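Architecture at a glance
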Amino acid sequence: MSKLSIIKEFWLFLKERKKWWLAPIIVILVLLSALIVFAEGSALAPFIYSLF
């Protein structure tokens, strides 16, 4: 399965089951994980990890 099919399947799930409240949760989790991954090697890493 490609990533696009997973996203498409998730979108169809949200649309069909009317679970729109899940979308902001998923977006925030993806953004936080991207922040942690990209800031891992920088000087900001100790400050970001202290937030959690």
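**Describing the overall build of the protein chain**
Helix and strand content of the protein chain: 3 helices and 0 strands. Each helix and strand of the protein chain, ordered N terminal to C terminal, gives the series α-α-α. Evaluated residue by residue, the protein chain yields a buried proportion of 8% over its 52 residues. When the accessible surface of the protein chain is summed, it comes to about 4800 Å², and 75% of that surface belongs to carbon and sulfur atoms.

**Side note on the confidence of the model for the protein chain**
Summary statistics for the protein chain give a mean pLDDT of 80 and a share of 87% for residues scoring 70 or more. Across the protein chain, the secondary-structure element scoring lowest on mean pLDDT is helix α3 (residues 45-51), at 71, and the one scoring highest is helix α2 (residues 22-38), at 85.

**Structural notes on unusual backbone geometry**
Most peptide bonds take the trans form, and the phi angle of most residues other than glycine is negative. Of note in this structure, K18 is not a glycine but carries a positive phi near 55°. Of note, K18 is situated in the loop between α1 (3-17) and α2. K18 sits in the exposed class, given a relative accessible area of 60%.

Scoring rules and cut-offs
- Every residue gets a number counted from 1 within its own chain, in the order that chain's sequence is written.
- At least 70 in pLDDT is required for a residue's local features to be given in this predicted model, at least 80 for side-chain atom pairs to be given and counted, and no such filter applies to totals for whole chains, interfaces and linings, which use all residues.
- Here the side-chain values reflect all heavy atoms present in the structure, with hydrogen atoms and water set aside.
- Labels follow the DSSP assignment, with helices taken as runs of H or I lasting at least four residues and strands as runs of E lasting at least two, numbered in each case from the N terminus.
- Exposure classes here rest on a 1.4 Å probe applied to the protein chains alone. A residue is buried below 20% of its type maximum, exposed above 50%, and partly exposed in between.
- Surface accessibility follows the Shrake-Rupley procedure with a 1.4 Å probe radius. Residue values consider only the protein chains on display as shielding.
- Confidence scores labelled pLDDT are given residue by residue by the predictor and lie between 0 and 100.

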